[in-house]
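Residue-level structure breakdown
One letter stands for each residue in the lines below.
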Amino acid sequence: MAVNSSSNPTLMASLAKLPVPDLHDTVARFAEAARPLFSADEFETCLAKLNDFVATQGPTLQARLHQRSAEHANWLEDWWNEYAYFLNRSSVCFNVNYFFGFRDTPQPMAQARLAAALIDSAVRFRSQLESDGLELDNIRGKPMCMYQYQYMFATCRHPGEQRDWTEVYPRSESTHIAVAHKGRYFVLRVPAASTNRHADIAQIERQLQIIIDTTAQLERGKSIGVLTAALRDDWYAARECLLQVSSDNAASLRVLESSAFLVSLESVAPVTHKEFSLACHCSDGTDRYFDKNFQILVFANGRYGFNGEHSLTDATTDMRLCNVLVHDVETVAAEAQVTTAGDVAEGAPATFEELHFDYNDELLGHIQRAIEYFDATVAAHELSTLVFDSFGKEQIKKMKVSPDAFVQMAMQLAYYRQFRHVPATYESASTKAFARGRTETSRSVSAHSAAWCKAMVDHPETTGLHAKAELLRQSIANQSQFTAQCAKGSGIDRHLLGLEFALQEGEERHALFEDQVFTGSRHWKLSTSQISDPILAAYGWGEVVDDGFGVAYRIENNALHFNVVSQRMGSARLCQYLADALMDMRFLLTNAHKQPHEIMAEVDAVANVLTSIKLLSSSSSQPTTPTETPAPQPESRFRGPFAEAPVAHAMVDGLDRLPSNEVICALEARLSRFVKESLSWALPSTS
């Protein structure tokens, strides 16, 4: 496939190779990043091994990396794909794939119409991509590598006995679209796009509507799709069995896996943020094929999303396609053009046929075990979402800090409040400024961030607001600097991984590679990443370690969004701690100049307002006798001498709209918890 940077010698030559970082610098920075995560004794043991490694085996392995860099377009690429994806035996559904949920269309669209518009858009994007017609990706004018685009369409991951692999199908075999509905698969053959987009969409819509109207539900015990959500060893065994049952199975599977992409016509209708995220993440596993390069998800109520297989493409690459999909769909929805009979008849018709599979007892057993695994895994997980709308990027920038690093520190504080220890934290940083670049690990934990969390939680009385604010600002600056170094190819984790992979077969492994600090510092209890695109209403993935969280977040101008997934580690609770941490951090950075007694005075003023409102509301609810004349009401029944403090005055402005004394009681309870638990770090000690 001729695709931009992969076929453009001039552009490829302009992209620098991913550098091999300096060995001494990487070791020193690793030590600095790992120190806050472990005890002094554990760290000193690791430090001794680090120093010995640099003096003995390290230089030899470093020289091999430089040699590999001279011989390859990207010294890391193949090793990273092996380590992160193809050797990973976890479920791709729950532990690898990422999902997007898109914003609602401006006008409601029927499921078949929406799916048809999405298919038409994706087909046109593919044609533009293959004709080298896309503008080059760039960030602030700097070109980004587009090598991943060659894997965007017509690819499928396959489970292997020990390692997976991805097959790329030729254009001649991959012009069709796979459609999943009610547990069954269909192959949709779409003619080449014409100049009449509405006619093309109408052709596709008509076929999809027939599928929706006439398809009988396949029993879940015969679902092929749920097999792709299993552990990779189990899916490998099941796929081998599936292929051996009959030649028809092999033919149907080949057609399914060689499709340009898959469209899932879902029967569910998610409404809430949590329902939408969970539906895009996994649904019930039947109308999916998680090994496909990407799946477009169209729900019964007109919502839609995307599920991407991660082995050879990153979410930032797929976002280019997703923006086109959403733009095209919204254009079609806004036009609301009525299709004429002439439109439908124009051009060659779209056609579809169902793919059939044969079963034997062994295959049915594999499917049953996959269903049991799927259901147990869903039950063992907790997916929670947080829509934090108190402030967003605009106000964070006014505090003169990086919005992304600000959110990273909120996650640090939230996790520390919940578990009372500092977590190894992974934030994805892009290295696409380099030829065939993908990602690097930006480590969020530093000595300053650990000290700040402890100052906020363990011993808040020992440091004042100004000292806490300075620790926070330094933590944010450290995170921003680390991320910038990663983007320049000077991260530490991919380099350390490369040094391990540079070992030759039979060569003795240095003790460093087995050290508990070395391995434990990469046990990512917080796996995080940000994509802040206005087309998104949901975004996420699963945790990468059993005792950790997968935290996807979006930073909007006036809101922050989080999707938190874990194996019942307390996702909902972490969301609450996140909300508290964000409020506390804004309070800290905007009030660092104040003395504790000044803050206490403002808190007391608000408390007095709430207490007085409660009393007024209670007295105003008392019944009056027929002879009593109600006293004249002031302009606001909540104003009075108690409302003179600036904070209280601002708060009273909106209190007239409170519907009942129950709401007032709830506000008072929230204030009490806020003072006792959240603001305790900022108030004078009462001991």
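Only a predicted model underlies this, so the values are computations on that prediction, with no experimental measurement involved.

Remarks on the packing of aromatic side chains
Between two aromatic rings, the relevant description is the distance of the centres plus the angle of the planes. Counting across every chain of the model gives 30 aromatic pairs. Geometrically, the ring pair formed by F94 and F374 is tilted, given 5.3 Å between the ring centres and 50° between the ring planes. Taken together, the residues F94 in helix 7 (residues 92-95) and F374 in helix 15 (residues 361-380) connect sequence positions 280 residues apart. In this structure, F94 and F374 share a single accessibility class: buried.

A closer look at empty space enclosed by the protein
Tallied over the full model, the rule gives six cavities of 30 Å³ or more. Roughly 150 Å³ of volume is contained in the largest cavity. Around the largest cavity sit 20 residues that line it, and L18, L76, T431, T439 and R494 are the ones nearest its centre. For the lining of the largest cavity, the secondary-structure elements that each account for two or more residues are helix 6 (77-86), strand 14 (439-443) and helix 20 (493-501). Among the residues making up the lining of the largest cavity, the classes are represented as seven nonpolar, eight polar and five charged. Secondary-structure elements contributing two or more residues to the lining of the second largest cavity are helix 12 (273-281), strand 12 (382-388), strand 16 (536-540), strand 17 (549-555) and strand 18 (560-566).

A closer look at the pattern of salt bridges
Using the criterion set out here, one finds 36 salt bridges in the structure. The shortest N-O distance in the salt bridge between R436 and E77 comes to 3.4 Å. In this pair, R436 sits in the loop between strand 13 (425-430) and strand 14 while E77 sits in helix 6, placing the two residues 359 residues apart along the sequence. For R436, a relative accessible area of 27% gives the class partly exposed.

A few points about the sheet that holds strand 16
Taken together, the eight strands give an open sheet; going across it, the order is 11-7-6-8-9-10-1-16, and neighbouring strands pair in mixed fashion. The open sheet has two free edges, formed respectively by strand 11 (351-355) and strand 16, since each of these has just one partner strand. Averaged over all pairs of adjacent strands, the angle between strand axes in this sheet comes to 20°, irrespective of strand direction. Pairing analysis gives five bridges linking strand 9 (residues 294-298) to strand 10 (residues 304-308), with the strands arranged antiparallel. The residue bridging I296 from the neighbouring strand is F306, located in strand 10. Docked against the sheet, helix 12 engages strand 1 (98-102), strand 9, strand 10 and strand 16, running at close to 135° with respect to strand 1.

Quick notes on the rules
Residues numbered from 1 in each chain as written. Predicted model: local features only at pLDDT ≥ 70, side-chain atom pairs only at ≥ 80, totals over all residues. Heavy atoms only, no water. Phe/Tyr/Trp six-rings, centres within 6.5 Å; stacked < 30°, edge-to-face > 60°. Helix = DSSP H or I, 4+ residues; strand = E, 2+ residues; numbered from the N terminus. Buried < 20%, exposed > 50% of the residue type's maximum accessible area, 1.4 Å probe, protein only. 1 Å grid on protein atoms, 1.4 Å probe; cavity = no way out; pocket = protein on both sides within 12 Å on 5 of 7 lines; lining within 4 Å. Points joined across faces, edges and corners; volume = space filled by probe spheres on them. Nonpolar A, V, L, I, M, F, W, Y, C, P; charged D, E, K, R; others polar. Salt bridge = Lys/Arg side-chain N within 4 Å of Asp/Glu carboxyl O. Pairing = 2+ DSSP bridges. Axes fitted to C-alpha atoms, helices over the stretch in contact; angles between N-to-C directions. Contact = heavy atoms within 4.5 Å.

Coordinates in, geometry out; function isn't part of it.
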